[in-house]
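Each chain, written out:
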Amino acid sequence: MKIIGISVIGVILLFLLMMDKKQIKKLSERLSVFWFRLAFAFLALFIFNIVGGFIGIYFPVNIASGLLLAILGIPGFAALFAFAVFL
């Protein structure tokens, strides 16, 4: 397990060495935007779960629903709502 972790870190460092400053800056900006969207998705799921509890609709708060909401946005929320209502 330790060897796999070291090799993954080594591969990531090799990719970073092959990039120039613009590409690294663009990559870090995209990654930070994704992490912000993921954090906001979990906050939204928590709020939807509290509000939905009053009317009997429960949204699952887990990594799959968080990623779905972070990547898809409004269509992801519609999909989660459909799953909560019909399942």
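In this convention, every chain numbers its residues from 1, walking through the sequence in written order. Only residues with pLDDT of at least 70 get local features here, since the model is predicted, and only at 80 or more are side-chain atom pairs given and counted; chain-wide, interface and lining totals rely on the full set of residues. Each side-chain value is derived from all of the structure's non-hydrogen atoms; neither hydrogens nor water enter the calculation.

(A) Geometry of the nonpolar core. Of all hydrophobic cores here, the largest spans 10 residues; its members are Leu38, Ala41, Ala44, Leu45, Ile57, Phe59, Leu69, Ala70, Leu80 and Ala84. Per the convention used, a helix needs a DSSP run of H or I reaching at least four residues, while a strand needs a run of E reaching at least two, with both numbered from the N terminus. Elements supplying a minimum of two residues to this core: helix H2 (21-53), helix H3 (63-72) and helix H4 (74-86). If you tally residues by element for this core, the top one is H2, at 4 residues. By definition, residues are in contact when any of their heavy atoms lie within 4.5 Å. In contact with Ala70, other than residues within four places in its own chain, are Arg37, Leu38 and Ala41. Each nonpolar core is a collection of buried residues, namely Ala, Val, Leu, Ile, Met, Phe, Trp, Tyr and Cys, held together in the definition by side-chain atoms within 4.5 Å. Throughout, exposure labels follow a simple rule: accessible area from a 1.4 Å probe, protein chains only, divided by the maximum for the residue type, with under 20% read as buried, over 50% as exposed, and the rest as partly exposed.

(B) Fine view of the packing of aromatic side chains. Any two rings among Phe, Tyr and Trp, with Trp reduced to its six-membered ring, count as a pair given centres within 6.5 Å; such a pair is stacked if its planes are under 30 degrees apart, edge-to-face if over 60, and tilted if neither. Under the defined criterion, the tally for this structure stands at 6 aromatic pairs. An aromatic cluster of at least three residues, connected via ring pairs, comprises Phe48, Phe59, Phe77 and Phe81.

Take it as geometry only, folks, not as evidence of what the structure does.
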